[in-house]
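Next come the chains, spelled out residue by residue.
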Amino acid sequence: MREFVFTLSYERGVDTLVDAFIDHPDVTALSTTCVATAEHMWRVDNLFGPENALDRMEALFVDESRCNECHAVSCDTERSHEVLDRAPTCRVLYTHRREIHGCHSIPYLAVQHVGSGVLFETERTGSTYEWTVLMPDDTGVGGLYDAVNAELRDGVTLDLEHVTGHQGWRAGTLTATTLSHAQREAIKAAVAHGYYETPRECTITELSERLDVARSTLQYRLQRAESQLFATLVDDMP
């Protein structure tokens, strides 16, 4: 299997939901499930971030008067949304959409140009929407790339990131939805700055200075986050 990774970048004002992501750069949306056929698309997304920002995101996601999956233009397609889980710093959202002529989702285009059985991962943050498509080794990606590019609306650009061998799959390992936003940001910063490397590239004091957070507060957040992550990992072990 190999991965085809590309990113859509949006200008402000092109899409109401993207504008909300731009206004709240500390919100991340990760897909856990995304399935498509020639007629339908289903997906589940996890949104992480501060509670006030997620309240705004949720309202936009579940608004059935707008199409979150139409990367070309807004269109009158059948769609339904449901909140599967709601926590202060996390939302789990379900979407079902019926494909119609002239208004296609990216998963639909992948099925048309790659074939059935492809898998998808997505990550949305700020003005960018990154797609990872997992497909057989002998599958060409030129047709899919051209199809996505042909349907872009004004103010959206498409960037090819890479086409490589399978690098690992995140969808089945999205856990820790009970982490607070502060704990999640602490873990992300610790990883980014090498706190968990051997030897460590950053001390807890240096990390606290980077984040402008008291050393004791940061240490507590990391310890609590690590405890919850390990507990979740053990619960998921066979």
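Refer to the structure printed above.
Please read these numbers as outputs of a predicted model, since none were measured by experiment.

Cut-offs and rules
Residue positions are counted from 1 within each chain, in the order its sequence is given. With pLDDT at 70 or above as the cut-off, local features in this predicted model cover only qualifying residues; side-chain atom pairs require 80 or more to be listed or tallied, and sums for whole chains, interfaces and linings still use all residues. Only hydrogens and water are removed before side-chain values are computed, so all heavy atoms of the structure are retained for them. Salt bridge, as used here, is a side-chain nitrogen of Lys or Arg placed within 4 Å of a carboxyl oxygen of Asp or Glu. Secondary structure counts use DSSP, requiring at least four H or I residues in a row for a helix and at least two E residues in a row for a strand, with both numbered from the N terminus. Accessibility here uses a 1.4 Å probe with only protein chains present; expressed as a share of the type maximum, an area under 20% marks a residue as buried, one over 50% as exposed, and anything in between as partly exposed. Aromatic pairing here means that ring centres of Phe, Tyr or Trp (its six-membered ring) are within 6.5 Å. Orientation follows from the plane angle: under 30 degrees is stacked, over 60 is edge-to-face, and everything else is tilted. A positively charged side chain is recorded as over a ring if its NZ (Lys) or CZ (Arg) lies within 6 Å of the ring centre. The angle to the ring normal must also be within 35 degrees. By the convention used here, residues are in contact when the closest approach between their heavy atoms is within 4.5 Å.

Draft legend 1. Inspection of the pattern of salt bridges at higher detail. Tallied over the entire structure, the rule returns 8 salt bridges. A salt bridge links Arg 56 to Asp 23; the shortest N-O distance between them is 3.0 Å. Of the two residues, Arg 56 is situated in helix H2 (residues 51-61) and Asp 23 in helix H1 (residues 16-23); the sequence distance between them amounts to 33 residues. Judged by relative accessible area, Asp 23 falls into the partly exposed class, the value being 34%. Sharing partners across several salt bridges, the network here consists of Asp 55, Glu 58, Arg 86 and Arg 91.

Draft legend 2. Up close: the packing of aromatic side chains. Evaluated as defined, the whole model comprises 4 aromatic pairs. Geometrically, the ring pair formed by Phe 4 and Phe 6 is tilted, given 5.1 Å between the ring centres and 45° between the ring planes. You can call Phe 4 buried: its relative accessible area is 1%. Ring pairing ties together the aromatic residues Phe 120, Tyr 129 and Trp 131, which thus form one cluster. Over the ring of Phe 48 we find Arg 184, and its NZ or CZ is 3.8 Å from the ring centre. Of note, Arg 200 hangs over the ring of Tyr 195, and the distance from its end group to the ring centre comes to 3.9 Å.

Draft legend 3. Spotlight on helix H3 (residues 106-113). Most of H3 is tucked away, with 6 of its 8 residues classed as buried. Turning to H3, its buried residues are Ile 106, Pro 107, Tyr 108, Leu 109, Ala 110 and Val 111. For H3, the secondary structure elements touched by its buried residues are strand E1 (2-10), strand E2 (28-36), strand E3 (40-48), strand E6 (119-125), strand E7 (128-135) and helix H4 (142-150). Of the residues trailing H3, Gly 115 is marked for its positive phi of about 120°.

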